[in-house]
Amino acid sequence: MRHASFPDESGPIGVFDSGYGGLTILTQIRRLLPEYDYLYLGDNARTPYGTRSFEVVYEYTSQCVEQLFQMGCHLVILACNTASAKALKSIQVNDIPQLDEHRRVLGIIRPTVEAIGNITQNRHVGILATPGTIKSMSYPMEIYKLYPDIKVSGEACPIWVPLVESGEYQSDGADYFVSKHISHLLDKDPEIDTIVLGCTHYPLLLNKIRKYVPENINIISQGEYVAVSLQDYLKRHTEIDGKCTKGGSCRYLTTESVETFLPAATKFLNESIKAETICI
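The structure reproduced in this document is the subject of the present report. (Residues numbered from 1 in each chain as written. Predicted model: local features only at pLDDT ≥ 70, side-chain atom pairs only at ≥ 80, totals over all residues. Heavy atoms only, no water.)

**A look at unusual backbone geometry**
Next up, step 1: In this model, threonine 47 is joined to proline 48 through a cis peptide bond whose omega is 5°.
Next up, step 2: Here proline 48 is to be found in the loop between strand E2 (38-42) and helix H2 (54-70).
Next up, step 3: You will see that methionine 137, though not glycine, has its phi angle at about 60°, which is positive.
Next up, step 4: With respect to the helices and strands, the residue methionine 137 is situated in the loop between helix H6 (131-136) and helix H7 (138-146).
Next up, step 5: The backbone of asparagine 270 shows a phi angle near 55°, a positive value even though the residue is not glycine.
Next up, step 6: Here asparagine 270 lies in the loop between helix H13 (258-269) and strand E10 (276-277). (Helix = DSSP H or I, 4+ residues; strand = E, 2+ residues; numbered from the N terminus.)

**A few points about the pattern of salt bridges**
Next up, step 1: By the definition in use, this model includes 13 salt bridges.
Next up, step 2: In this structure, the salt-bridge partner of arginine 103 is aspartate 100, at a minimum N-O distance of 2.8 Å. The burial state of arginine 103 is the same as that of aspartate 100; both residues are buried.
Next up, step 3: Across the salt bridge formed by aspartate 241 and lysine 246, the nearest N and O atoms sit 3.5 Å from each other.
Next up, step 4: Several salt bridges share partner residues, and in doing so they unite Arg110, Glu114, Glu142 and Lys145 into one network. (Salt bridge = Lys/Arg side-chain N within 4 Å of Asp/Glu carboxyl O. Buried < 20%, exposed > 50% of the residue type's maximum accessible area, 1.4 Å probe, protein only.)

Right, dumping it as structure tokens:
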């Protein structure tokens with residue numbers, strides 16, 4: 001059954017995150033697919049999602065997805081590992097058939113997992129992520145579906161997101177927490193040859209992460225793999241591609257005040273932007 005308030009005309013690609021980390025995904029998507037229009041929505045007023053229950057994450061995420069649908073998006077990317085882990089399947093199975101069966105919502109865990117199989121040589125993989133993503137077991141489950149021979153070890157890094165969002169990620173104090181969690185992960189499986197950064201904030205910590213990860217270990221940052229996967233998806237689904245406008249624009253929305261959103265967003269994007277506050 002179609003939702004009466006959803007516009008049928010073509011619109012931008014929606015990119016959703018609970019906070020700022022999804023901006024690292026958006027940057028890579030726009031780099032590969034600059035011709036499309038994008039509408040970014042950060043639910044910054046209710047962040048973080050990582051410590052919240054499945055039910056709350058699903059409720060918040062579905063509200064934001066429906067908002068993006070109402071604003072003309074026919075395709076929405078959940079550029080958030082927690083939302084992808086805790087809400088994506090429920091939205092795809094329960095919400096889409098009721099709201100509009102012609103619209104699509106995609107996550108970022110599956111594209112990342114698909115890339116892993118070609119990168120790891122010895123089939124020992126580590127995941128660094130928020131407590132919520134680790135607890136959900138989404139990465140081990142998705143990896144096992146595609147690559148049952150891969151051994152997966154996970155390490156929750158509860159302090160890493162606050163380090164990034166407080167602007168402390170380049171400080172000497174950040175080294176302690178980065179080295180500690182990498183050490184814990186490698187203690188769990190010393191044979192790990194590939195580490196996935198399973199949180200969209202973590203690319204801002206990449207310089208410090210590389211400092212404590214042995215050179216022989218591959219580090220997977222999600223953005224480029226999500227972008228390539230989206231490019232492939234749009235090529236294969238011309239009916240969705242045809243509903244995505246191509247004007248090269250990007251609009252930013254936040255549920256927080258613009259004054260709070262802009263300084264942090266600028267750190268993630270390395271450019272000045274304009275933004276608007278929206279009530280969900």
